[in-house]
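Listed below are the residues making up each chain.
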Amino acid sequence: MDIKNKTIWITGASSGIGMELCKQLAERGARIVLSARSQERLLEIAETLPGGRNHHWVVPLDLADADKLLAVVEAQLADIGPVDILINNGGISQRSLFVDTDLSVYRKLMDVNYLGTVAMTKALLPAMIERRQGVIVSISSVAGKIGSKLRTGYSGSKYAVVGFMDCLRAETAHQGIQCLTVCPGSIKTNIAVNALNGSGQAQNKDDESIINGMPVEKCAQDIINAINKGRDEIIVGKGISALAPTIKRFFPSLFNRISAGMEYR
């Protein structure tokens, strides 16, 4: 796919993988629709992109409110026009034991990570199908392929994204739509710092695996390459975070023993 002059809508555009995708895709000539909750932060980022604010769009939205999100997106499409690629990147993680975690935390994780993805896709996919072209990219996680301690809610929501994309890919296979599922492992972002604890507050501390993870620039490059190559699903990361799904697949008992024996932090 030629990215130049494509319109690409990216959620979670205010930081991490989303922000880096905005930069790299804009450098390749794409026009970006930047979405996250903070309009001020999005405007700052848009100003740094090639062409500045006048070349791109800023659409603040909250993935936790799926019903309102649908209305916001539909209202903006008259100005934006056809969207060629949707990247469902926005999300939030978790670091807490199941027995210590409030039910409200599970609801928020599902609302943001799963229903936010579904709502964005619901808003933009029909027009893609009508044109018989378009790309839906959803950022799941290695935690959407395997489970580990402290992530019962996060992993559940990301498993849901993988299942949703598998079904969507089958349904749109003959309608000109590419559905790419991205499962990052440990990437150097603030995902761990912002992860929710058992009461739903940010834990405000990093994970060693994230500190030593793949640079976000390389992660974004791998995602863009996968879009260009028409891939269905990729694992992005290095070390054990990238190998874990393979170990789980071929040596499930070994993986379960390793996962159960790991100390949690």
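Preceding this paragraph is the structure being described.
Values in this document were obtained by computation on a predicted structure and should not be read as measured data.

Criteria and cut-off values
Residues numbered from 1 in each chain as written. Predicted model: local features only at pLDDT ≥ 70, side-chain atom pairs only at ≥ 80, totals over all residues. Heavy atoms only, no water. Helix = DSSP H or I, 4+ residues; strand = E, 2+ residues; numbered from the N terminus. Rg over C-alpha atoms; globule rule 2.2 N^0.38 Å. Buried < 20%, exposed > 50% of the residue type's maximum accessible area, 1.4 Å probe, protein only. Contact = heavy atoms within 4.5 Å. Areas by Shrake-Rupley, 256 points an atom, 1.4 Å probe, with all protein chains shown as cover. Pairing = 2+ DSSP bridges. Right-handed = clockwise from strand over helix to strand, strands pointing away. Salt bridge = Lys/Arg side-chain N within 4 Å of Asp/Glu carboxyl O. Axes fitted to C-alpha atoms, helices over the stretch in contact; angles between N-to-C directions. Parallel < 35°, antiparallel > 145°, perpendicular 65-115°, else oblique. Left-handed = near helix turned anticlockwise from the far one by under 90°. Nonpolar A, V, L, I, M, F, W, Y, C, P; charged D, E, K, R; others polar.

## Let's talk about the overall build of the chain
Okay, so step 1: A count of helices and strands for the chain gives nine helices and seven strands.
Okay, so step 2: Relative to a compact globule of 265 residues, whose C-alpha radius of gyration would be 18 Å, the chain shows 18 Å and is just as compact.
Okay, so step 3: Along the first, second and third principal axes, the C-alpha atoms of the chain reach 50 × 40 × 30 Å.
Okay, so step 4: Across the 265 residues that make up the chain, the buried fraction comes to 48%.
Okay, so step 5: Partitioning the intrachain contacts of the chain with sequence separation of at least 6 by distance along the chain shows that 69% fall at a separation of at least 24.
Okay, so step 6: When the accessible area of the chain is evaluated, it comes to approximately 12600 Å², of which 51% is carbon and sulfur surface.

## A look at the environment of Tyr159
Okay, so step 1: Relative to the helices and strands, Tyr159 is located in helix α5 (residues 152-171).
Okay, so step 2: Spatially, the C-alpha atoms of Tyr159 and Ile240 are 19 Å apart, while their sequence positions differ by 81 residues.

## Some points on unusual backbone geometry
Okay, so step 1: In this model, Arg132 sits at a positive phi of 60°, which is unusual for a non-glycine residue.
Okay, so step 2: Counting through the fold element by element, Arg132 comes out in the loop between α4 (103-131) and β5 (134-139).
Okay, so step 3: Positive phi, normally seen in glycine, also occurs at Leu150, with a value near 75°.
Okay, so step 4: Examined against the element boundaries, Leu150 turns out to sit in the loop between β5 and α5.
Okay, so step 5: You can call Leu150 buried: its relative accessible area is 8%.

## Some details on the pairing of strand β1 (residues 7-11)
Two faces belong to every sheet, and in a regular strand the side chains alternate between them.
Okay, so step 1: Among the five residues in β1, five count as buried, and that is most of the element.
Okay, so step 2: Residues Thr7, Trp9 and Thr11 point to one face of β1 and Ile8 and Ile10 to the other, with burial holding for every one of them.
Okay, so step 3: By the bridge criterion, five bridges tie β1 to strand β2 (residues 31-35) in an arrangement that is parallel. Residue pairing across strands places Trp9 opposite Val33, the latter belonging to β2.
Okay, so step 4: Between the parallel elements β1 and β2, the chain passes through helix α1 (residues 16-27) in a crossover that is right-handed.

## Section: the pattern of salt bridges
Oppositely charged side chains can form a pair if their charged atoms are brought close together.
Okay, so step 1: Throughout the structure, instances matching the rule amount to eight salt bridges.
Okay, so step 2: Ionic pairing is found between Glu44 and Arg41, a salt bridge with its closest N-O pair at 3.2 Å. Placement of the pair is Glu44 and Arg41 together in helix α2 (residues 39-48), with a separation of three residues, close to one helical turn.
Okay, so step 3: A salt bridge links Arg95 to Asp207, with the shortest nitrogen-to-oxygen separation between them at 2.7 Å. Separated by 112 residues along the polypeptide, Arg95 in the loop between β4 (85-88) and α4 and Asp207 in the loop between β6 (177-184) and α6 (208-211) bring together distant segments of the chain. Each member of the pair Arg95 and Asp207 is classed as buried.

## A look at the sheet that holds β5
Okay, so step 1: If you trace the seven strands from one edge of the open sheet to the other, you get β3-β2-β1-β4-β5-β6-β7, paired in parallel fashion. Lying at the two open borders of the sheet, with one neighbouring strand each, are β3 (57-58) and β7 (233-236).
Okay, so step 2: Alignment of β4 against β5, held across four bridges, turns out to be parallel. Across the sheet, residue Asn88 finds its bridge partner in β5, namely Ser138.
Okay, so step 3: On the sheet, helix α3 (residues 66-80) packs against β1, β2 and β3 and is oriented at approximately 150° with respect to β1.
Okay, so step 4: Contacting β5, β6 and β7, α5 crosses the sheet at an angle of about 160° to β6.

## Things to note about the packing of α3 against α4
Okay, so step 1: Where α3 meets α4, the closest approach of the two axes is 9 Å, and the angle between their N-to-C directions is 30°. Overall, the two elements α3 and α4 adopt an arrangement that is roughly parallel. For the pair α3 and α4, the crossing hand works out as right-handed. Two secondary-structure elements touch here, α3 through Ala66, Leu69, Leu70, Val73 and Leu77 and α4 through Leu115, Gly116, Ala119, Met120, Lys122, Ala123 and Leu124.
Okay, so step 2: Among the residues making up the contact of α3 with α4, the classes are represented as 10 nonpolar, one polar and one charged.

## Focus on the pairing of β2
Okay, so step 1: With four of its five residues buried, β2 lies for the most part within the structure.
Okay, so step 2: Where β2 lies against β3, two bridges are found, and the strand directions are parallel. Its bridge partner being in β3, Val33 is matched across the sheet by Trp57.
Okay, so step 3: Chirality of the crossover, the property in question, places the unit of β2, α2 and β3 among those that are right-handed.

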